[in-house]
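Reading the structure
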Amino acid sequence: MERLHGSKKRTNLAVAGIATVLSLVLVLSGCSGYRNDAHGDAAQYSSKVKVKTLEQTRAEEAASPSVVRMKTIHHSDYVALGDVARAIGFHAQWLPDGSYGVGDNDAAWTFKPGESSARFGDDTVKLPAPAVKMSNRLYVPVKALQALFGKTAVFRSEAKAVSFYPATDHLLKNGIRAQATRPSRNDSSERERIRELGVIPFANTSEGSRDAKALIADARKYLGIQYDFGAGDYASTGKFDCSSFVQLLFAKYGVDMPRVARNQAERGKKVARSELRMGDLLFFYVPGRFKSDETVGHVGIYMGDGNMIHASPKPEDGVQITPIDKAYWADTFLFAKRVLPD
């Protein structure tokens, strides 16, 4: 009897095992007879996997903001200038005179710890509270951002953060400041023509005033001098940024130029590329997803034969000669100005 009972028990276990396996197969195949059973009606709990196209992914990335966190200082919301500069696409660093500079290839904005104003080229921008230096970083009030960068970048203050968005013309509702930063319609069409042709027409090297030829000869003497963002006076630092190089050279020939490229672009008269002469100034923007591409960020001096001499961190570091029909410079060209007298 015990032997029979044990055999019967093993048979029952085997049958139960087979039944369990069959039940699992039916459930997994979606064929359960219990239609109201969650395991049986798997379709109602499943959905199609949506795969984004490469174009959709790129579009989302292009529209995504760059976020800067706020810091509470003296019961007010502040942001670190270095973080703001990186978010927009600017360079930022402490300068030799103890001020803090922000800009492209020169320090267009300068700030000093403890002061309630900043310099934007030749202009003064009032801040609602003083700039604060902490742990070798400089902070400015969030409420100052619109006055400082509102015409260059698109941003919005949110919960303890400032979000910077890709800059487009329709978002920069107030436009970009004057002729120094926005090319005319003719300039824009010339830029499109350059992009199509891949070259910039230029005038003969022999054309240029006596001062222009002397200035270019003088400029060559500085080839190889190191570039330094926000460089101080050349006599004491031995370095240039793009606009301090222009300022020093033109001063030798009786032309008093502003310190930064944006203000230098306001001087002189516009000239077409086909009419370029030695000594003409060439203005460029520095590309960035979060800032306007019509804002002056670099300046060079036309030498003739399609070349310019300029102080730049690229393609080499320092004062250098560069063909202006190179793809990067052709694409970022804004306009040219003639400052030297004919």
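What you are looking at is a predicted structure, and each value in this text was computed from that prediction instead of being measured.

Thresholds applied
Residues numbered from 1 in each chain as written. Predicted model: local features only at pLDDT ≥ 70, side-chain atom pairs only at ≥ 80, totals over all residues. Heavy atoms only, no water. Buried < 20%, exposed > 50% of the residue type's maximum accessible area, 1.4 Å probe, protein only. Helix = DSSP H or I, 4+ residues; strand = E, 2+ residues; numbered from the N terminus. Contact = heavy atoms within 4.5 Å. Pairing = 2+ DSSP bridges. Axes fitted to C-alpha atoms, helices over the stretch in contact; angles between N-to-C directions. Phe/Tyr/Trp six-rings, centres within 6.5 Å; stacked < 30°, edge-to-face > 60°.

Things to note about helix α9 (residues 242-251)
Burial of α9 is extensive: 7 of the 10 residues sit out of reach of the surface. Of all the residues in α9, the buried ones are Cys242, Ser243, Ser244, Phe245, Val246, Leu249 and Phe250. Packing partners of the buried residues in α9 comprise α7 (210-220), α10 (261-264), β14 (281-284), β15 (298-304), β16 (307-312) and β17 (318-323).

Regarding the sheet that holds strand β9 (residues 132-134)
Taken in spatial order, the 4 strands of this open sheet run β2-β3-β10-β9, and their pairing is antiparallel. Each end of this open sheet is capped by a strand with a single partner; those strands are β2 (71-73) and β9. When the angles between neighbouring strand axes are averaged without regard to direction, this sheet yields 45°. Bridge analysis of β9 against strand β10 (residues 137-141) gives 3 bridges, and the strand direction is antiparallel. Residue pairing for β10: Val132 is matched across the bridge by Tyr139.

Brief notes about the packing of aromatic side chains
Considering all chains together, one arrives at 14 aromatic pairs under this definition. Relative to Tyr100, the ring of Trp94 lies with its centre 4.9 Å away and its plane at 80°, an arrangement referred to as edge-to-face. Judged by relative accessible area, Trp94 falls into the partly exposed class, the value being 22%. Overall, Tyr100 belongs to the buried group, its relative accessible area being 7%.

These figures capture arrangement, not role.
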